[in-house]
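Listed below, chain by chain, are the residues.
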Amino acid sequence: MTPERYAKICAVLDKRQPDLTVVADEVHKGRNMAAIVRTCDAVGIPKIYSVVPEAGYNPYRGTALGTTKWVEVALCQALVTPLDALKNQGFQIVSTALEPSARDYREVDFTQPTALVMGNEKRGISDTARAMTDVFVTIPMVGMVESLNVSVAAAIILNEALHQRRRVGMLDQPRLPKATYERLFFRWAHPQVAAFCDERDLPYPPIAADGEIADPVGWHSMIKDKAIKHNAMNTKVTTDNA
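I will try to describe carefully the structure that is included in this document. (Residues numbered from 1 in each chain as written. Predicted model: local features only at pLDDT ≥ 70, side-chain atom pairs only at ≥ 80, totals over all residues. Heavy atoms only, no water.)

For the rest of this paragraph, the subject is the pairing of strand E1 (residues 20-25). Among the six residues in E1, six count as buried, and that is most of the element. Residues Leu20, Val22 and Ala24 point to one face of E1 and Thr21, Val23 and Asp25 to the other, with burial holding for every one of them. As judged from the five bridges shared by E1 and strand E6 (residues 114-118), these two strands associate in the parallel manner. By the bridge assignment for E6, threonine 21 is matched with alanine 115. Pairing between E1 and strand E2 (residues 47-51): three bridges, direction parallel. Following the sheet pairing, alanine 24 is matched in E2 by serine 50. (Buried < 20%, exposed > 50% of the residue type's maximum accessible area, 1.4 Å probe, protein only. Helix = DSSP H or I, 4+ residues; strand = E, 2+ residues; numbered from the N terminus. Pairing = 2+ DSSP bridges.)

Here it is, written out as structure tokens:
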């Protein structure tokens, strides 16, 4: 790993905002989900939630689903699941909707723990979202159309959230929990080894001060010895049961 790569990963993780997220309320176009995920990375959001549409996703399915390289996308079958959990963690639920009570998005305090709900492309947010929303917001416009594309609207609002947080110093020091920071660093810095460990439920090897695996030869030998012992145990069990 180059010093530049190490510095870049640390710089990004240092600005991640664990108390800012997006909940996609059955956004069904893969292009829109991909664009929302891209914006979330740009403003420092580490994890978002996506309620799977009844009819599934339209094109770009692979881009929209699962865990992306930089932003985790948690798939949910019901909107109430992530919103309940987020409310219990003290998040305010902010939804985009053309409601009489909707406020200019710039009037909302996004320095609070916030979950931004973005609705379906055709029908907007669901009745569940309306019932659980704390603040409705809208983006003032002076044209003929009433609303923007869902991914564009998300980008505008999330950049306001980033601006507010930067202004009060919330990007000046790391805010991720230490364990989460270290886990994400390893996944980004050593994706192949991380995938190997995840598939086998193994702990990640320790890393050195430069971001490299501290003792790759020793770690590899340990994994090899474990595999040999595991195979030997399986062989013994098979023999005993023969």
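Taking 1.5 Å per residue, 12 residues should reach 16 Å; helix H7 (residues 178-189) reaches 16 Å between its end C-alpha atoms and fits that length. Of the positions making up H7, those classed as buried are Tyr181, Leu184, Phe185, Phe186, Trp188 and Ala189. The elements touched by buried residues of H7 are helix H1 (3-14) and helix H8 (191-200). (Expected span 1.5 Å × (residues − 1). Contact = heavy atoms within 4.5 Å.)

As a further point, take a nonpolar patch on the surface. Taken together, the side chains of Met141, Val145, Leu148 and Val152 present a nonpolar region at the surface, about 300 Å² in accessible area. Within the secondary structure, leucine 148 sits in the loop between strand E7 (135-138) and helix H6 (150-167). (Patch = residues over 30% accessible without salt bridge, like charges linked within 9 Å, V, L, I, M, F, W, Y side chains within 5 Å. Areas by Shrake-Rupley, 256 points an atom, 1.4 Å probe, with all protein chains shown as cover. Salt bridge = Lys/Arg side-chain N within 4 Å of Asp/Glu carboxyl O.)

Looking now at the pattern of salt bridges. Scanning all chains against the criterion turns up 11 salt bridges. The shortest N-O distance in the salt bridge between glutamate 26 and arginine 123 comes to 2.9 Å. With a gap of 97 residues between them, glutamate 26 in the loop between E1 and helix H2 (30-42) and arginine 123 in the loop between E6 and helix H5 (127-132) connect regions that are remote in the sequence. Across the salt bridge formed by lysine 87 and aspartate 134, the nearest N and O atoms sit 3.1 Å from each other. Here the residue lysine 87 occupies a position in helix H4 (residues 80-88), and aspartate 134 occupies one in the loop between H5 and E7, the gap between them amounting to 47 residues. Here lysine 87 falls in the partly exposed class, since its relative accessible area comes to 30%. One continuous salt-bridge network, built from bridges that share partners, spans Asp19, Arg165 and Arg175.

It is worth spelling out the sheet that holds E2 at this point. Read from one edge to the other, the open sheet built from seven strands follows the order E3-E2-E1-E6-E4-E7-E5, with strand pairing classed as parallel. Each edge of the sheet is formed by a strand with only one pairing partner; in this case those strands are strand E3 (72-76) and strand E5 (103-104). With respect to the sheet, H2 is in contact with E1, E2 and E3, its orientation differing from that of E2 by roughly 160°. Its contacts with the sheet place H4 against E1, E2, E3, strand E4 (92-96) and E6, and it is angled at close to 155° to E1. (Axes fitted to C-alpha atoms, helices over the stretch in contact; angles between N-to-C directions.)

Now for the environment of arginine 183. For arginine 183, the location among the structural elements is in helix H7. By relative accessible area, which is 30% here, arginine 183 ends up partly exposed. Here the alpha-carbon distance between arginine 183 and proline 203, two residues 20 residues apart in the chain, equals 9.9 Å.

With that out of the way, let us pick up unusual backbone geometry. Although it is not a glycine, glutamate 26 sits at a positive phi angle of roughly 60°. Glutamate 26 gets classed as buried once you look at its relative accessible area, which sits at 17%. Unusually for a residue other than glycine, aspartate 201 sits at a positive phi of about 55°. Within the element layout of this structure, aspartate 201 appears in the loop between H8 and helix H9 (216-241).

Of all hydrophobic cores here, the largest spans 31 residues; its most connected members are Val22, Cys40, Ile45 and Ile48. Ranked by residue count, the leading element in this core is H6, at seven residues. Excluding residues within four positions of it along the chain, valine 22 makes contact with Ile36, Cys40, Ile45, Ile48, Tyr49, Leu116, Met118 and Leu158. Judged by nonpolar contacts, the second largest core, of 17 residues, contains Phe91, Ala97, Val117 and Ile125. (Core = buried A, V, L, I, M, F, W, Y, C linked by side-chain atoms within 4.5 Å.)

In this structure, the largest pocket encloses a volume near 470 Å³. Lining the largest pocket are 25 residues, and of these Thr96, Leu98, Gly124, Ser147 and Leu148 sit closest to its centre. Of all elements in the fold, only E7 and H6 reach the threshold of two or more residues within the lining of the largest pocket. Top contributing element to the lining of the largest pocket by residue count: H6, with three residues. (1 Å grid on protein atoms, 1.4 Å probe; cavity = no way out; pocket = protein on both sides within 12 Å on 5 of 7 lines; lining within 4 Å. Points joined across faces, edges and corners; volume = space filled by probe spheres on them.)

By themselves these figures say nothing about function.
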